[in-house]
Amino acid sequence: MAKNQHVVPYGSEWAVRGEGNGRPTSIHRTQAEAIDAAREIARNQRSELIIHRSDGRIRDRDSYGADPLPPKSPRKVLFPPTPGVTDPDKIRTAVREVLSERGDKGNPRSDPRSDPFPPRDRRH
Amino acid sequence: MAKTPANFLRNVFINCPFDETYTPFFNAIVFTVHDIGFRPRCALEASNAGQFRLDKIVDIISECKYSIHDLSHTALDAATGLPRFNMPFELGLDLGCQRFGNSLQNGKISLVLDIEAHRYEAFISDVKGQDVTARGNTVPEVIEVVRDWLRNELDPRIVIIPSGENISNRYLDFQMALPSICTKLKWNPNKLKFADFSFAVATWIEANPIV
């Protein structure tokens, strides 16, 4: 049975707790990490995500079950947790410059609605 | 209760060969994982100075709900004539974490790849019964296998899930841009650092979202 997922203060940390459960499902250093974990569970269970403030009052809530036509979007891109050898800002700048020069941003080949499977040489 | 690392539910540990012959597949897997909204992790991440390689691998495994193990290069090394045990060993660490870890780690999910689906039974029969997927021999096939596996973890009513062919096309677009990116950053395209490459992939995908 789907359970609403609560993000609640847990000492100096934050916990994800299924509604009605005594024990937390997981404990996190920050509220953002707890929200990320709780959101995944709520999505999977098609239930609600309820985010509490540090004083216990409800700060926000999101539904992943009742909305018959939720807006679809690509997932947020996650970056590496540790930097490499190159300054990340330099990588960002270089990638954006190349995209700008090539005109790749908004490239219709990346748009499945315009041409989902264009003929390409697939040899690698 | 052990703390849950940030993004545990979206981290994907990649356990595969790090040699030149596998690089095209490895880079494609990194791109695919990013393109579906997960985060690739592997032993090539920069680590704290002095951290033992095994400690680093254990840390990463414990921080990933998902893992991809490619056992296809578990064969005698041409140069040394000795078998390569790293991939089966790290598969064992991952299965151990799943069995002996905390409640979240008990839910770890693995994709085991090999050249043929049942070949592994000849060299690591203890894990018989584990689902092993034949990964194919081309980049589009590997992308398709990884995409189809991760796709099961997403709700298509909420997020846009690109098809394998769509990811392959996007990866080709990225590959065409990569030489220019390397030139600007003075990177050797044949010796890309994992974290740098992963960051470049993520930046490119962020600028070219699936629509």
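Up top is the structure these notes are about.
The paragraphs below set out a description of the structure included in this document. (Residues numbered from 1 in each chain as written. Chains lettered and ligands numbered in written order. Predicted model: local features only at pLDDT ≥ 70, side-chain atom pairs only at ≥ 80, totals over all residues. Heavy atoms only, no water.)

Some details on the overall build of chain B
Along the backbone of chain B there are six helices and five strands. Overall, chain B shows an N-to-C arrangement of helices and strands of β-α-β-α-β-α-β-β-α-α-α. Relative to the compact-globule value of 17 Å for 211 residues, chain B shows a C-alpha radius of gyration of 17 Å, a close match. A principal-axis box enclosing the C-alpha atoms of chain B has dimensions of 45 × 45 × 40 Å. (Helix = DSSP H or I, 4+ residues; strand = E, 2+ residues; numbered from the N terminus. Rg over C-alpha atoms; globule rule 2.2 N^0.38 Å.)

Thoughts on the overall build of chain A
When you go through chain A residue by residue, the secondary structure sums to two helices and five strands. Order of helices (α) and strands (β) in chain A, N terminus to C terminus: β-β-β-α-β-β-α. A burial count over chain A gives 36% of its 124 residues as buried. For chain A, restricting intrachain contacts to residue pairs at least 6 apart in sequence, the fraction spanning at least 24 positions comes to 31%. (Buried < 20%, exposed > 50% of the residue type's maximum accessible area, 1.4 Å probe, protein only. Contact = heavy atoms within 4.5 Å.)

Observations regarding the sheet that holds strand S2 (residues 39-41) of chain B
Sheet strands associate in pairs through backbone hydrogen bonding, adopting either a parallel or an antiparallel arrangement. Residue and element names in this part refer to chain B. Strand order in the open sheet made by the five strands is S2-S1-S3-S4-S5, with parallel pairing throughout. At either end of the open sheet lies a strand with only one pairing partner, and these are S2 and strand S5 (132-134). For this sheet the average axis-to-axis angle between neighbouring strands, irrespective of direction, equals 25°. Summarising the sheet, strand S1 (residues 11-15) and S2 pair through three bridges and their orientation is parallel. In the sheet register, Asn11 faces S2, and the bridge partner there is Arg39. (Pairing = 2+ DSSP bridges. Axes fitted to C-alpha atoms, helices over the stretch in contact; angles between N-to-C directions.)

Details of the environment of Val33 of chain B
Relative to the helices and strands, Val33 of chain B resides in helix H1 (residues 23-35). Val33 of chain B has contacts with Val12, Phe38, Arg39, Pro40, Ile68, Val146 and Leu150 of chain B, leaving out every residue within four places of it along the chain.

Describing the interface of chain B and chain A
Note on interface size: it is often stated as the accessible area lost on association of the parts. Counting residues at the interface gives 60 residues for chain B, matched by 61 residues for chain A. Summed over both sides, the interface between chain B and chain A buries roughly 5,700 Å², with carbon and sulfur atoms accounting for 60% of that surface. Where chain B touches chain A, the interface holds two salt bridges. As a salt-bridge pair, Glu101 of chain A and Lys184 of chain B come within 2.9 Å of each other at their nearest N and O atoms. (Buried area = accessible area lost by both parts, 1.4 Å probe. Salt bridge = Lys/Arg side-chain N within 4 Å of Asp/Glu carboxyl O.)

Focus: unusual backbone geometry
With phi around 55°, Arg46 of chain A is a residue other than glycine that occupies positive phi space. The topology assignment puts Arg46 of chain A in the loop between helix H1 (31-45) and strand S4 (48-52). Taking relative accessible area as the criterion, Arg46 of chain A reaches 48% and is therefore assigned partly exposed. The phi torsion at Lys186 of chain B lies on the positive side, around 60°, for a residue other than glycine. Relative to the helices and strands, Lys186 of chain B is located in the loop between helix H5 (164-185) and helix H6 (194-207).

Here's the deal with the sheet that holds S4 of chain A
All names here are of chain A. Overall, mixed pairing links the five strands, which are arranged S3-S2-S1-S4-S5 in an open sheet. Looking at the sheet topology across the chains shown, the edges are occupied by strand S3 (26-28) and strand S5 (58-63). If you compare each strand with its neighbour and ignore which way they point, the axes differ by 20° on average. Note that S4 and S5 share five bridges and pair antiparallel.

Concerning empty space enclosed by the protein
Scanning the entire structure with this criterion turns up three cavities of 30 Å³ or more. In this structure, the largest cavity spans a volume of roughly 60 Å³. Tallied by class, the residues present in the lining of the largest cavity amount to two nonpolar, one polar and five charged. (1 Å grid on protein atoms, 1.4 Å probe; cavity = no way out; pocket = protein on both sides within 12 Å on 5 of 7 lines; lining within 4 Å. Points joined across faces, edges and corners; volume = space filled by probe spheres on them. Nonpolar A, V, L, I, M, F, W, Y, C, P; charged D, E, K, R; others polar.)

Quick word on the environment of Ser72 of chain B
Residue and element names in this part refer to chain B. For Ser72, the location among the structural elements is in the loop between strand S3 (66-70) and helix H3 (86-100). Relative accessible area serves as the criterion here: at 5%, Ser72 is assigned to the buried category. Along the chain, Ser72 and Glu20 lie 52 residues apart, while their C-alpha atoms are 14 Å from each other. Not counting residues up to four positions away in its chain, the partners in contact with Ser72 are Tyr22, Leu113, Asp114, Ile115, Arg119 and Arg135.

Topic: the packing of H5 of chain B against H6 of chain B
Residue and element names in this part refer to chain B. At a minimum axis distance of 11 Å, the contact between H5 and H6 shows a crossing angle of 115°. Regarding H5 and H6, the two cross each other, and that crossing is right-handed. Where H5 approaches H6, its residues Arg170, Asp173, Phe174, Ala177 and Leu178 are matched on the opposing element by Phe197, Ala200, Val201, Trp204 and Ile205. (Left-handed = near helix turned anticlockwise from the far one by under 90°.)

Some points on the nonpolar core
Residues and elements named next belong to chain B. Residues Ile68, Leu150, Phe174 and Ile181 are the most contacted members of the largest nonpolar core, which totals 69 residues. The greatest single-element share of this core, amounting to nine residues, is contributed by H6. Residues within four places of Ile68 in sequence aside, it is in contact with Val12, Phe13, Ile14, Asn15, Ile29, Val33, Leu111, Leu113, Val146 and Trp149. By size, the runner-up hydrophobic cluster in this structure holds nine residues, among which are Leu71, Met87, Leu91 and Tyr120. (Core = buried A, V, L, I, M, F, W, Y, C linked by side-chain atoms within 4.5 Å.)

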